[in-house]
Amino acid sequence: MSSRQSAVLVTGANGEIGHSLVRRLAAQGERVVALDVREIDAACRVHASATQVGDILDFGMLQRLGVQYEFGAIFHLAALLSTRGEFQPELAHRVNVEGTLNLLRLAVDAAETRGAPVKFLFPSSIAAYGLKGAAARRAAGRVREEDHLQPETMYGCNKLYGEHLGRYYMHHYKRLAAAQAHVVDFRSIRFPGLISADTVPSGGTSDYAPEMLHAAARGEEYNCFVREDVRLPFMAMPDAVDAMLQLASAPAENLTSHVYNIGAFAPSAGEIARLIGEHFPSARIHFAPDERRQAIVESWPEDVDDSRARRDFGFAPRFDLVRTFTDYLIPGVKRRYTKP
Ligand code: SER
């Protein structure tokens, strides 16, 4: 008899996606174990059934969690993002690749314990793509999942390889060993840049959009590190979390792939600044491009083809660019930064 409690594990719980996801999973009635390398934020802790501070490179710690809980699903969000990864590429590789491998091993162990597959949700990224500059990305248009997979950042390489690792664990794990069940049900979304009213990301390259917004809401000046005309796909956080939950609950027989693009709108940095200016007329946003960070953005697609996600699990974002600002971001940041 097992005395383990069934639960869902969320790694990187303190991060940009983690906060919203933990809250939403708890609202669905899930028992959530929130794991992060830093003390779990109060806003996240209130929704988690249990918290664990620890490093995903510490497999012993993960094994101990696996003894305590019977994980039916793992949302593996912990990662070092694209800008930070270019300062510490080897560390990024360790966290993003070895960390992911540790979580996949935990998933295999958990599946054996419960005698059923474990769902493994993995946020991949537009950073998995690599295009050679402005003309190439314009010519590529809305890229499909199979095309332009030549990432230029360590983070992008790590995410693309994480997708391959997941596919391997799902379909080919220990293929030469005696009768192997396929125990990891791996599902991945290549997220565009995300913007949240509640959290500011750290260490990413699409961070200019959320940074611009939160600076304006705090009344601070902001120097945007990319050029005004550069375009990138973005999405409101609630749509990103919805997509992950929809993919997690989709019947396996509907899924034709282990990886899906999703997109909502693809504004230029200047368009984002103008929208912010409409709501915060005193915003001081300047463009002071850092050519090296600009080049990272220019290696990512201008837009993505997400027809596979729309067909297979009914992905349909609720927020377009204008609604993202008027209905979600602006009221959210005003609440957040207005003193009572
Ligand atoms: N938001 C990520 C980054 O900028 C891309 O997935 O690194």
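(A) Highlighting the site of the ligand. If you check the shell around the ligand, you find Leu 81, Ser 82, Ser 125, Tyr 155, Gly 204, Thr 205, Ser 206 and Trp 300 and nothing else. Within the side chain of Tyr 155, a nitrogen or oxygen atom sits 3.1 Å from an oxygen atom of the ligand. Between Thr 205 and the ligand, the recorded distance is 2.6 Å, taken from a backbone N or O atom to an oxygen atom. Taking 230 Å² as the accessible area of the ligand by itself, protein coverage stands at 91%. Split into classes, the residues belonging to the shell around the ligand amount to 3 nonpolar, 5 polar and no charged.

(B) Molecular detail of the pattern of salt bridges. Under the counting rule described, the total for this entry stands at 24 salt bridges. Among the ionic pairs, Lys 132 bridges to Glu 152, the shortest N-O distance being 3.0 Å. Separated by 20 residues along the polypeptide, Lys 132 in the loop between strand E5 (118-125) and helix H6 (133-140) and Glu 152 in the loop between strand E6 (142-143) and helix H7 (154-171) bring together distant segments of the chain. Exposure remark for Glu 152: the relative accessible area of 41% places this residue in the partly exposed category. For Arg 308, the salt bridge is made with Glu 146, and the minimal N-O distance between the two is 2.3 Å. Placement of Arg 308 in helix H12 (residues 307-313) and of Glu 146 in the loop between E6 and H7 is noted, with a sequence separation of 162 residues between them. Overall, the relative accessible area of 15% leaves Arg 308 in the buried class. Here the residues in one salt-bridge network are Arg 24, Asp 239, Asp 242 and Arg 318, joined through shared partners.

(C) Structural view of helix H10 (residues 269-279). For H10, the set of buried residues is Ala 269, Gly 270, Ile 272, Ala 273, Leu 275 and Ile 276. Looking at the packing, one finds that the buried side of H10 touches helix H8 (208-218), strand E10 (234-236), strand E12 (285-287) and helix H13 (321-337).

(D) How the structure looks around the packing of aromatic side chains. Applying the stated criterion across every chain yields a total of 10 aromatic pairs. For the pair Tyr 169 and Tyr 173, a centre-to-centre distance of 4.6 Å together with 20° between the ring planes defines the contact as stacked. For the pair Tyr 169 and Tyr 173, one class covers both residues: buried. Measuring from ring centre to ring centre gives 5.8 Å for Tyr 208 and Phe 234, while their planes differ by 85°; the resulting arrangement is edge-to-face. Of this pair, Tyr 208 sits in helix H8 while Phe 234 sits in strand E10, and the two are 26 residues apart along the sequence. For the pair shown, Tyr 208 and Phe 234 are each scored as buried. Every member of this aromatic cluster is reached through a ring pair, and the members are Phe 120, Phe 122 and Phe 186.

(E) Just helix H1 (residues 16-27), in detail. For H1, the complete set of buried residues consists of Glu 16, Ile 17, Gly 18, His 19, Ser 20, Leu 21, Val 22 and Leu 25. Phi turns positive one or two residues past the end of H1, at Gly 29, with a value near 90°.

(F) Region of the structure containing the side chain of Asn 102. Position of Asn 102 relative to the elements: it lies in helix H5 (residues 89-114). Owing to a relative accessible area of 8%, Asn 102 belongs among the buried residues under this scheme.

(G) Broad picture of the nonpolar core. By size, the foremost hydrophobic cluster in this structure holds 76 residues, and its most contacted members are Val 10, Leu 21, Phe 75, Tyr 208, Met 212 and Phe 313. Among the nonpolar cores identified, the runner-up in size contains 34 residues, and Phe 59, Ile 74, Leu 80 and Tyr 173 belong to it.

(H) Molecular detail of unusual backbone geometry. Unlike most non-glycine residues, His 148 shows phi in positive territory, near 55°. Following the sequence through the fold, His 148 ends up in the loop between E6 and H7. The backbone of Lys 174 shows a phi angle near 50°, a positive value even though the residue is not glycine. As for its placement among the helices and strands, Lys 174 is situated in the loop between H7 and strand E7 (184-191). Given the relative accessible area of 44%, Lys 174 is considered partly exposed.

Definitions and cut-offs
- Residues numbered from 1 in each chain as written.
- Predicted model: local features only at pLDDT ≥ 70, side-chain atom pairs only at ≥ 80, totals over all residues.
- Heavy atoms only, no water.
- Near = heavy atom within 4 Å.
- Polar contact = N/O pair within 3.5 Å; in protein donor to acceptor, adjacent residues only side chain to side chain.
- Areas by Shrake-Rupley, 256 points an atom, 1.4 Å probe, with all protein chains shown as cover.
- Nonpolar A, V, L, I, M, F, W, Y, C, P; charged D, E, K, R; others polar.
- Salt bridge = Lys/Arg side-chain N within 4 Å of Asp/Glu carboxyl O.
- Helix = DSSP H or I, 4+ residues; strand = E, 2+ residues; numbered from the N terminus.
- Buried < 20%, exposed > 50% of the residue type's maximum accessible area, 1.4 Å probe, protein only.
- Contact = heavy atoms within 4.5 Å.
- Phe/Tyr/Trp six-rings, centres within 6.5 Å; stacked < 30°, edge-to-face > 60°.
- Core = buried A, V, L, I, M, F, W, Y, C linked by side-chain atoms within 4.5 Å.

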